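Chain residues, written in single-letter form:
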Amino acid sequence: MAATVIYNDQGVPLMAYGKNYFASTAGIPEKTKYTEQIQDVDNTVTIGEHVCCSWASGNNFPQEASKVISRTGVLNTGLKFIHKVVLGQGIFPCRVSGYDEKGNEKLEVVNHPEIINLMQSRMIRRYLANSYRDILKFGISFPQLIPNQDGSKIVGINTINALHSRLTKPENGQIKHCIVSGEWPDVNSRNMEVYPVLDNYDPLADLEILRYEGKLKGKSFIYPLRDEWDNDDIYPLPSWWSAKLAGWIDVANKIPAFLAKAYENQITWMWHVKIPYAYWDKRFPVADYPDKSIRQQKIQEEMDLIEENLTDSANANKAIFTHYTIGTNGKPEEQWIIEPLDNKYKADDKLLTSAAANSEILFSLMVNPNVLGAGMPGGTYAGNQGGSNIREAFLVNVAMAWLDRQNILDPIETMLQFNGIKDIQLRFRNTILTTLDTGSGTQKVIS
């Protein structure tokens, strides 16, 4: 560490303070492009013969949204929690043979090795994970259906990274193509690939027509999946964006930065050292230093030594010795005074605000904060803690997962039906938390 010393024109030290400082700046921040215009079919980018709808006015919404997620811990964790809850323990093929008296499905497992192996394959697992990831993060994903050589069957399913994907402007209400490039927003016709987009109303019927017309050979097709809660037809907003617009994500990010700076500087100010001018006159007489810069350097070195002796952790509980004289009036002269500062700074209010921001972000994701331990004892949302409430909150998430699960299963079911497998249902496995008095801590269920 090093003290900073302020001198007057004669080289006399006027004030000194530690090397760290706590400061803020004023001004009007530049308006962030991706917050202005998320969807506008007239906001386009022309690349060769294709006219793409810009994803926000800077055409970089997923790139900027990804940065927001990566630097917001509670948002990243909340999205990952939903991701794991919805995907459960994977999928399996079955048939619905009927319903019991409570209306629950009676499921009959399909013992078909080829289909079972497909559902348990890395291809399907990777598709599910990546597709739902992009829906959660960006509001849309871009599954890719891959036909065989002659176009008679769909043999592969993949998810193209949403960071690299843009949709073309609708023609007669229909989006025709998806442009894929790793260079967005700086893309040109030499570094992109173009994929046809299936009709959103009935993708299976669209595939059947293309097969009948012989247009499946040598091509793969994009089957866009959207968070349909948002009404935008091209690039829907993800659910967490409401917390961004409300400012809670900014609050959640600013408080840790504020506290880090405060602990580094303001909170650690402990001593006020008062040194009389006469001390420096005797320690480094002006007459001995024709070059005042050399005298200032000597004073600086002395101040650094004093600061280190008072603040360095290796010098804890060490003494510092000073000397002074008694003047003719009987009072001390040239006396150093070292006073402890009364630091009234309290971080509790900032922590409560941080907890509130974290909870509001989780609320935007429909995640009970207590499931992730965000209900601070004595805090604003601390009234619903305990194992039972955590378990019930988790079960609510599982119960609400059906629509999202069906959404990401649709391309797989379309693939199976196109290949002639029409009497198969797909279901997810779940591990459900139970109370200990049931004789087990968990049980396996399907949904």
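From a predicted model like this one, the values you see are computed outputs, not experimental measurements. (Residues numbered from 1 in each chain as written. Predicted model: local features only at pLDDT ≥ 70, side-chain atom pairs only at ≥ 80, totals over all residues. Heavy atoms only, no water.)

## Looking at the pattern of salt bridges
- Taken as a whole and judged by the stated rule, the model has 9 salt bridges.
- The partner of R133 in a salt bridge is D134, and the shortest N-O contact between them spans 2.9 Å.
- Linking R211 and E208 is a salt bridge whose minimum nitrogen-to-oxygen distance equals 2.8 Å. Pair noted here: R211 and E208 are both in helix α5 (residues 203-212), with a separation of 3 residues, about one helical turn.
- Taking relative accessible area as the criterion, R211 reaches 29% and is therefore assigned partly exposed.
- The exposure class assigned to E208 is partly exposed, which follows from its relative accessible area of 28%. (Salt bridge = Lys/Arg side-chain N within 4 Å of Asp/Glu carboxyl O. Helix = DSSP H or I, 4+ residues; strand = E, 2+ residues; numbered from the N terminus. Buried < 20%, exposed > 50% of the residue type's maximum accessible area, 1.4 Å probe, protein only.)

## Re helix α2 (residues 73-87)
- Helix length check: α2 (15 residues) gives 21 Å between terminal C-alpha atoms against 21 Å at 1.5 Å per residue, within 8%.
- Phi for G88, located one or two positions after α2, is positive at around 55 degrees. (Expected span 1.5 Å × (residues − 1).)

## What to know about the side chain of D134
- Here D134 lies in helix α4 (residues 122-138).
- Ignoring sequence-local partners within four residues, the contact set of D134 consists of G139, I140, S141, T159, I160, N161 and A162. (Contact = heavy atoms within 4.5 Å.)

## Brief notes about the nonpolar core
- In this structure, W240, I408 and I412 are the most contacted members of the largest nonpolar core, which totals 75 residues.
- Apart from the residues within four sequence positions on either side, W240 is in contact with A65, V68, I69, L75, L79, L136, K137, I249, S364 and L365.
- Formed by 7 residues, the second largest nonpolar core is a distinct cluster that contains W280, Y289, I299 and I306. (Core = buried A, V, L, I, M, F, W, Y, C linked by side-chain atoms within 4.5 Å.)

## Focus on the packing of aromatic side chains
- The final tally for this structure, using the stated rule, is 8 aromatic pairs.
- Relative to Y289, the ring of F284 lies with its centre 6.1 Å away and its plane at 70 degrees, an arrangement referred to as edge-to-face. Both residues of the pair, F284 and Y289, belong to the buried class.
- Connected via pairs of aromatic rings, a cluster forms that spans W55, F61, F142, Y235, W240 and W241.
- The ring centre of F418 lies 3.7 Å from the NZ or CZ of R211, which sits over that ring. (Phe/Tyr/Trp six-rings, centres within 6.5 Å; stacked < 30°, edge-to-face > 60°. Lys NZ or Arg CZ within 6 Å of the ring centre and 35° of its normal.)

## Thoughts on the sheet that holds strand β9 (residues 165-167)
- Reading across the sheet, the 3 strands line up as β9-β10-β11 and stay open at both edges, with antiparallel pairing between neighbours. Both outer strands of the open sheet, β9 and β11 (193-196), are each paired with one neighbouring strand and no more. The sheet shows a mean angle of 25 degrees between the axes of neighbouring strands, taken without regard to direction.
- Inspection of the sheet shows β9 paired to strand β10 (residues 177-180) by 3 bridges, in the antiparallel sense. Its bridge partner lying in β10, S165 is registered against V180. (Pairing = 2+ DSSP bridges. Axes fitted to C-alpha atoms, helices over the stretch in contact; angles between N-to-C directions.)

## So, the confidence of the model for the chain
- The share of residues in the chain with pLDDT of 70 or more is 77%, and the mean pLDDT across the chain is 80.
- The low-confidence segment residues 19-41 (pLDDT under 50) makes 42 contacts with residues lying over four places distant or belonging to another chain. (pLDDT = per-residue confidence, 0-100.)

## Topic: a nonpolar patch on the surface
- The grouping of M366, V396 and M400 at the surface amounts to a nonpolar patch, some 290 Å² of accessible area in total.
- With respect to the element layout, M366 can be found in the loop between α10 (348-364) and α11 (387-399). (Patch = residues over 30% accessible without salt bridge, like charges linked within 9 Å, V, L, I, M, F, W, Y side chains within 5 Å. Areas by Shrake-Rupley, 256 points an atom, 1.4 Å probe, with all protein chains shown as cover.)

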